[in-house]
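# Structural characterization, general
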Amino acid sequence: MKSVIVLMLSWGCTSSVPSDGPSSTDTSPVENPSIDVNEELLGDVELSEDTTVVARRRVRMNVDQLNQSMQQITGVEWKSGNTVLWDRYSSTLGVPDFEERTSEDLEGSVIFQKFLQDAATYTCNSWIENESEDGDGYFYVVTQEGQTSSVLKAHIGHLRYLIHGISSGEEDAFDESVWDLYQLVYQRTENSVSAWQTVCVAMFTHPNFYTY
Amino acid sequence: MNRRELFQRFGGAVALNGLSLSAMSRMALANSPSSGTLGIVDPEQYFVFVVFGGAWDPMLALDPRDPAVFTDAVIPETKIQTGYDLLGIGSDPRIQTPNMTFGPYIGNLSSMSEKLVLVRGMSMSSVGHSSATKHALTARVPSGESVRGSSVATLLSSLLGEENEIANLVVGTDSYNVEHPVWSSGFQSSNVDDFHAALSEGNVSLSDSQNDALYQFFERERRNNTISRFDTMYANRESAQLLLESGTSALFDLDSPDLGDLKQYFGVGNGITGSESENALMAYQALTNGVSRCVTYKAAGGLDSHNGDDWQTQHGPRLQNGFNSVAALATLLEDTPHPSGGNWLSRTTIWCMSEFQRNPLLNNNFGRDHYITNSALLLGGGLVGGRVIGATSDQKMSSQKVDLATGTVDNDNGVYISHEHIARTLLYRLGVEDDLGDYREPPITALL
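Residues numbered from 1 in each chain as written. Chains lettered and ligands numbered in written order. Predicted model: local features only at pLDDT ≥ 70, side-chain atom pairs only at ≥ 80, totals over all residues. Heavy atoms only, no water.

### What to know about the overall build of chain A
Across its full length, chain A holds eight helices and two strands. Along its sequence from the N terminus, chain A presents helices and strands in the succession α-α-β-β-α-α-α-α-α-α. A buried classification covers 38% of the 212 residues belonging to chain A. With an accessible surface of roughly 13,600 Å², chain A has 50% of that area assigned to carbon and sulfur atoms. (Helix = DSSP H or I, 4+ residues; strand = E, 2+ residues; numbered from the N terminus. Buried < 20%, exposed > 50% of the residue type's maximum accessible area, 1.4 Å probe, protein only. Areas by Shrake-Rupley, 256 points an atom, 1.4 Å probe, with all protein chains shown as cover.)

Structure follows, in structure tokens:
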């Protein structure tokens, strides 16, 4: 009986093999037909040494990056009492909570601009206040009366490098515009601290700071 | 001209690129996909989108079932389980009105049934919260997690113009702008306190001289800018500053005694309500003080009641608080005369939505899982109320096809309806017949 079943099974297997295919017992390798390859040179390609990426879409920093960057530069964290205000407004600023939101909203929306301005104003005021009182402070010299324009312009360049990471060129249009800003505030307030506060806020609320 | 003069010249609203506001509005219309055939019937129209987050249970409010018919004995056939016996509020807690029947947690809206339109048996595209919420807000099925269109509120705001300080106010939920002007983007915050903070001076502020100088500096930067993405950022920066000077913040200061009566009316801080009462108060203030034309607010969250305890004790009260906020808002809008005639509710269409609804069958935890059908509630804006459009079936509460002209079920010749149909209906009610939202569905003509 067992031999009959084996016979039936083997018949069932072989009967389904296409007639033009290899037989179930033929296991020897088959050589594929060769393919002619034309090895003649078609042309030369010059590899460019310039591999610099010219441009890419700029992305806004997320809230954590902003907080860390501003602290790194100024040593000041945006707070009200003991409350870190970046944390206080994190939900409105689109920071993910990984319950309802898993990715951060990185638009430069109206409400983002408002809170960035608030953060910059608080941070700049505290930074300049801290640094201008100390004889070795970063803003000490430039907040003293009677500084030459070259000293002040050099400080604008330093600030720009510090905040935007961009070195000023000669007759740099951005630096000139910031210099105009400084002068305008100084003329109106006759207060160098106010002028530097405004310059600092301008730098931190400029897209060159918060996008990369 | 400095920024303050610019601001005063345009009556406190935002102007871009030196064009007058009405010119900007005309441009928005002219640049829309199908210009030339627009004819907004009455520009004095307003919209409120009310979001119930987490997926609501139809049995508890908008689409209940008779527990005497849908008994436990017939669950194997119907796949419908009212679960009312688990709630401890009576064996048949449904609320009957002359026009429609509600579940037990419809709240004060039950007394306004003659003004309400219920849409039942809507067909959804997803039972994933994120993508389905995007579908609900944009009335277009998203591509995965990416929206394929703007929020309906954004589209309507872009059509109604930018004369208002915040064309499109959004609190507690998301907003999308894919193709419309920047000024029609949702002004998003997570709660009223943050919204108020966004309109108020920070804890340290600059002087007027400093702000004026900054304005001039950024104007120069904008003129010299070559990066298109920065244009939007400069415009938004300017809008934020102008809003700060508009004096609007006092309207939303929940700590102000000036809002005492409104807070009491909406139940803010009464120990029963949550943020939804603050959000409804904000919507009323934004609309009636000319701040916004479109407001979207979250009326309830945490409705994702898979767990039995949560479904039995929290889901209903959260729904009820949300619907009560809508009832309070609608009632006060109705009691407030509109300067152009009628009352504010007659000019304000309110659309309550959730991303999908919960399963008619309780799960093993006696909670409810996700389900692919949905409901919606509309009122105001001149809609003839007291009507129910569509219905779910008596087996599995499935979607059914609807005759759009009558609103009745017609499984032979009707169509399945979804958010797209409602959005298109709102456009029609504005007088816009062209499919500006690319919804690719006709309006529910029974509502026109």
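### A word on the packing of aromatic side chains
Residues and elements named next belong to chain A. As enumerated under the stated definition, the model contains 27 aromatic pairs over all chains in all. Ring geometry for Trp127 versus Tyr138: centroids 6.0 Å apart, planes at 10 degrees, classification stacked. A residue pair is termed long-range when its members are at least 10 positions apart, and Trp127 in helix α4 (residues 110–133) and Tyr138 in the loop between α4 and α5 (149–164) qualify at 11 residues. Classification of Trp127 as buried rests on a relative accessible area of 2%. Seen from their ring centres, Phe204 and Phe209 are 4.9 Å apart, and the 85 degrees between their planes marks the pair as edge-to-face. Just as Phe204 is buried, Phe209 falls in that class too. (Phe/Tyr/Trp six-rings, centres within 6.5 Å; stacked < 30°, edge-to-face > 60°.)

### A few points about unusual backbone geometry
Unusually for a residue other than glycine, A:Glu190 sits at a positive phi of about 50 degrees. The topology assignment puts A:Glu190 in the loop between α6 (173–189) and α7 (192–204). For A:Glu190, a relative accessible area of 65% gives the class exposed. You will see that B:Phe366, though not glycine, has its phi angle at about 65 degrees, which is positive.

### Thoughts on the interface of chain A and chain B
On the side of chain B, 41 residues touch chain A, which itself brings 48 residues to the contact. The interface formed by chain A and chain B holds 18 residue pairs in polar contact (both at pLDDT 80 or more) in total. Listing elements by their share of the side of chain A that touches chain B, those giving two or more residues are β1 (79–80), α3 (85–88), α4, α6, α7 and α8 (207–210) of chain A. The leading source of residues in the side of chain A that touches chain B is α4(A), at 10 residues. A per-class count over the side of chain A that touches chain B returns 18 nonpolar, 18 polar and 12 charged. (Contact = heavy atoms within 4.5 Å. Polar contact = N/O pair within 3.5 Å; in protein donor to acceptor, adjacent residues only side chain to side chain. Nonpolar A, V, L, I, M, F, W, Y, C, P; charged D, E, K, R; others polar.)

### Considerations on helix α5 (residues 152–160) of chain B
Residue and element names in this part refer to chain B. Counting buried positions along α5 gives nine out of nine residues, so the element sits mostly inside the fold. Of the residues making up α5, those classed as buried are Val152, Ala153, Thr154, Leu155, Leu156, Ser157, Ser158, Leu159 and Leu160. Immediately beyond the C-terminal end of α5, within one or two residues, lies Gly161, with a positive phi of roughly 95 degrees.

### Quick word on the pattern of salt bridges
As enumerated under the stated definition, the model contains 23 salt bridges over all chains in all. Linking A:Arg101 and B:Asp174 is a salt bridge whose minimum nitrogen-to-oxygen distance equals 2.7 Å. Here A:Arg101 is found in the loop between α3 and α4, whereas its partner B:Asp174 is found in the loop between β5 (168–171) and β6 (187–189) on a different chain. Classification of B:Asp174 by relative accessible area gives partly exposed; the value is 25%. Its salt-bridge partner being B:Asp438, residue B:Arg440 comes within 2.8 Å of it at the nearest N-O pair. Salt bridges linked by common partners bring B:Asp63, B:Arg65, B:Arg120 and B:Asp394 together as one network. (Salt bridge = Lys/Arg side-chain N within 4 Å of Asp/Glu carboxyl O.)

### Some details on the pairing of strand β1 (residues 46–52) of chain B
Residue and element names in this part refer to chain B. Most of β1 is tucked away: seven of the seven residues are buried. Taking every second residue as pointing to the same face, both faces of β1 are buried, with Tyr46, Val48, Val50 and Phe52 on one and Phe47, Phe49 and Val51 on the other. Across seven bridges, β1 lies against strand β8 (residues 348–354) in parallel orientation. When the sheet's bridge partners are listed, Phe47 is paired in β8 with Thr349. (Pairing = 2+ DSSP bridges.)

### Looking at the confidence of the model for chain A
Residue and element names in this part refer to chain A. Confidence in the prediction of chain A, expressed as mean pLDDT, is 85, and 82% of residues score 70 or more. Within chain A, the lowest mean pLDDT, 45, falls on helix α1 (residues 2–15), and the highest, 98, falls on helix α2 (residues 63–74). In this model, residues 1–22 is a region of pLDDT below 50 whose contacts with residues beyond four sequence positions or in other chains number two contacts. (pLDDT = per-residue confidence, 0-100.)

### Examining the sheet that holds strand β7 (residues 294–300) of chain B
Residue and element names in this part refer to chain B. The sheet built from eight strands is open, its strands ordered β6-β5-β7-β1-β8-β11-β4-β12 with mixed pairing. Each of the sheet's edge strands pairs with one partner strand only, and the pair in question is β6 and β12 (387–389). Along the sheet, successive strands turn relative to each other by an average axial angle of 15 degrees, direction set aside. Where strand β4 (residues 116–123) meets β12, three bridges bridge the pair, whose relative direction is parallel. Along β12, the bridge assignment pairs Leu118 with Val388. Against the sheet, helix α11 (residues 308–335) makes contact with β1, β7, β8 and β11 (373–380), and its axis sits at roughly 145 degrees relative to β7, the strand it touches most. (Axes fitted to C-alpha atoms, helices over the stretch in contact; angles between N-to-C directions.)

### A few points about the packing of α5(B) against helix α13 (residues 419–430) of chain B
All names here are of chain B. Running from amino to carboxyl end, α5 crosses α13 at an angle of 10 degrees, the nearest separation of the two axes being 11 Å. One element, α5, and the other, α13, form an angle in the roughly parallel class. For α5 against α13, the interelement crossing comes out right-handed. Counted together, Val152, Leu155, Leu156, Leu159 and Leu160 of α5 and Ala423, Leu426, Leu427 and Leu430 of α13 form the full contact between these two elements. A per-class count over the contact of α5 with α13 returns nine nonpolar, no polar and no charged. (Parallel < 35°, antiparallel > 145°, perpendicular 65-115°, else oblique. Left-handed = near helix turned anticlockwise from the far one by under 90°.)

### A closer look at the state of the cysteines
If you walk through the whole model with that rule in mind, you get one disulfide over all chains. Linked covalently through their sulfurs, A:Cys124 and A:Cys200 form a disulfide whose S-S length is 2.0 Å. With the S-S bond torsion at -75 degrees, the cross-link from A:Cys124 to A:Cys200 turns out left-handed. Taken together, the residues span a long stretch of sequence, with A:Cys124 in helix α4 and A:Cys200 in helix α7 at a distance of 76 residues. For A:Cys124, a relative accessible area of 0% corresponds to the buried category. With no disulfide of its own, B:Cys294 lies closest to B:Cys352 among cysteine sulfurs, the gap being 15 Å. (Disulfide = S-S within 2.5 Å.)

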